[in-house]
Amino acid sequence: MPTNAKILVVAPDPDFRRSLAFVLEAEGCRVNIVERLPDLDTLSDRYDCLVIDHRSIPAAAQSGTFLASMRTPMVVLVSHAQDMVARGFERVVVKPFLGHKLVEAVRDALKQEPQRAMPT
């Protein structure tokens, strides 16, 4: 994992957010944590990867349109993988998990070429 990768962790539970940040910081990442997914316009190019608990994704954003608008790689943390995979999310980590699953998913996301927004 690149040292100093900028990661945004989005999760509704404060203890869960802190534990995710701890795991990623131990890998050398710079981590910001928030409760809710910020406006997509404010995210553009600020982070190298997003780690998002599925409960933090608004219902309106759980679609292919959301994916097409995202250029930043993301890892989605879920209770049931099938739902999010069916919606097009590529990197899904099923909870509960050990820290290495998260680290592997973030490493994979950071290797990804930046996605380009779909033309409108």
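Each remark here, short or long, concerns the structure printed above.
First, a word on scope: everything that follows refers to the structure included in this document. The model shown is predicted, which means the values in this text are computed figures rather than measured ones.

**What to know about the pairing of strand β4 (residues 74-78)**
Of all five residues that make up β4, five are buried, and the element is covered over most of its length. Every second residue of β4 is oriented toward a common face, with Met 74, Val 76 and Val 78 on one face and Val 75 and Leu 77 on the other, all of them buried. Bridge analysis of strand β3 (residues 49-53) against β4 gives four bridges, and the strand direction is parallel. For Ile 52, the partnering residue across the bridge sits in β4 and is Val 76.

**Comments concerning the sheet that holds strand β1 (residues 6-10)**
Sheet architecture is open: five strands sit in the order β2-β1-β3-β4-β5, paired in parallel fashion. The open sheet terminates on both sides in strands that have one partner only, identified here as β2 (30-34) and β5 (92-94). Each neighbouring strand pair of the sheet contributes to a mean axis angle of 20°, computed without reference to strand direction. Sheet topology places β1 next to β3; four bridges connect them, and they run parallel. From the neighbouring strand, Leu 8 faces β3, where its bridge partner is Leu 50. Sheet contacts for helix α1 (residues 14-26): β1, β2, β3 and β4; angle to β2, the most-contacted strand, approximately 170°.

**Examining the pattern of salt bridges**
Inspection of the entire model under this criterion finds four salt bridges. We note a salt bridge from Arg 18 to Asp 15, for which the minimum N-O separation is 2.5 Å. Taken together, the residues Arg 18 and Asp 15, both in helix α1 and three residues apart, mark about one turn of the helix. Here Arg 18 falls in the partly exposed class, since its relative accessible area comes to 47%.

**Re the environment of Ser 79**
Inspection of the secondary structure assignment puts Ser 79 in the loop between β4 and α4 (81-86). In this structure, Ser 79 is in contact with His 54, Val 94 and Lys 95, ignoring residues within four places of it in sequence.

**Here's the deal with helix α5 (residues 99-111)**
For α5, built from 13 residues, the straight-helix expectation of 18 Å at 1.5 Å per residue is met to within 8% by its first-to-last C-alpha distance of 19 Å. Taken together, the buried positions of α5 are occupied by Leu 102, Val 103, Ala 105, Val 106 and Ala 109. End-on view of α5: buried residues confined to an arc of 165°, all on one side of the axis. Against β1, α1, β3, β4 and β5 lie the buried residues of α5.

**Side note on the pairing of β3**
Across the five residues of β3, five count as buried, placing the element largely inside the fold. Here β3 shows no split at all, with Cys 49, Val 51 and Asp 53 on one side and Leu 50 and Ile 52 on the other all buried.

**Comments concerning the side chain of Arg 17**
Residue placement: Arg 17 occurs in helix α1. Comment: no salt bridge for buried Arg 17; closest opposite-charge side chain is Glu 35, at 4.9 Å. In contact with Arg 17, other than residues within four places in its own chain, are Val 9, Ala 11, Pro 12, Ile 33, Val 34 and Glu 35.

**Some words on the state of the cysteines**
Linking two cysteines covalently via their sulfur atoms produces the bond known as a disulfide. Under the defined criterion, the tally for this structure stands at zero disulfides. Here Cys 49 stays free of any disulfide, with the sulfur of Cys 29 as its closest cysteine sulfur at 8.3 Å. Take Cys 49: its relative accessible area is 0%, and that puts it in the buried class.

Procedures and definitions
Along each chain, numbering runs from 1 in the same order as the chain's sequence is written. Where totals are concerned, whole chains, interfaces and linings use all residues; where local detail is concerned, this predicted model gives features only for residues with pLDDT of at least 70, and gives and counts side-chain atom pairs only at 80 or more. Side-chain numbers come from the whole structure's heavy atoms, not from hydrogens or water. Summary of the burial criterion: residues with accessible area below 20% of their type's maximum are buried, those above 50% are exposed, and those between are partly exposed, where the area comes from a 1.4 Å probe applied to protein chains only. Segments assigned H or I by DSSP are reported as helices when at least four residues long, segments assigned E as strands when at least two residues long, and all are numbered from the N terminus. Only when DSSP finds a minimum of two bridges between them are two strands counted as paired. Simply put, an axis is a line fit to the C-alpha atoms, just over the touching stretch for a helix, and the angle between two N-to-C directions goes from 0 to 180 degrees. Two residues qualify as a contact provided that any one of their heavy atoms is within 4.5 Å of a heavy atom in the partner residue. What counts as a salt bridge is simple: a side-chain nitrogen of Lys or Arg found within 4 Å of a carboxyl oxygen of Asp or Glu. Expected span, for any helix, means 1.5 Å times one less than how many residues it has. Here the arc refers to the set of directions running from the helix axis out to each C-beta atom. His is not counted here, nor are the chain ends, while Lys and Arg score as positive and Asp and Glu score as negative. Any pair of cysteine sulfurs within 2.5 Å is marked as a disulfide.

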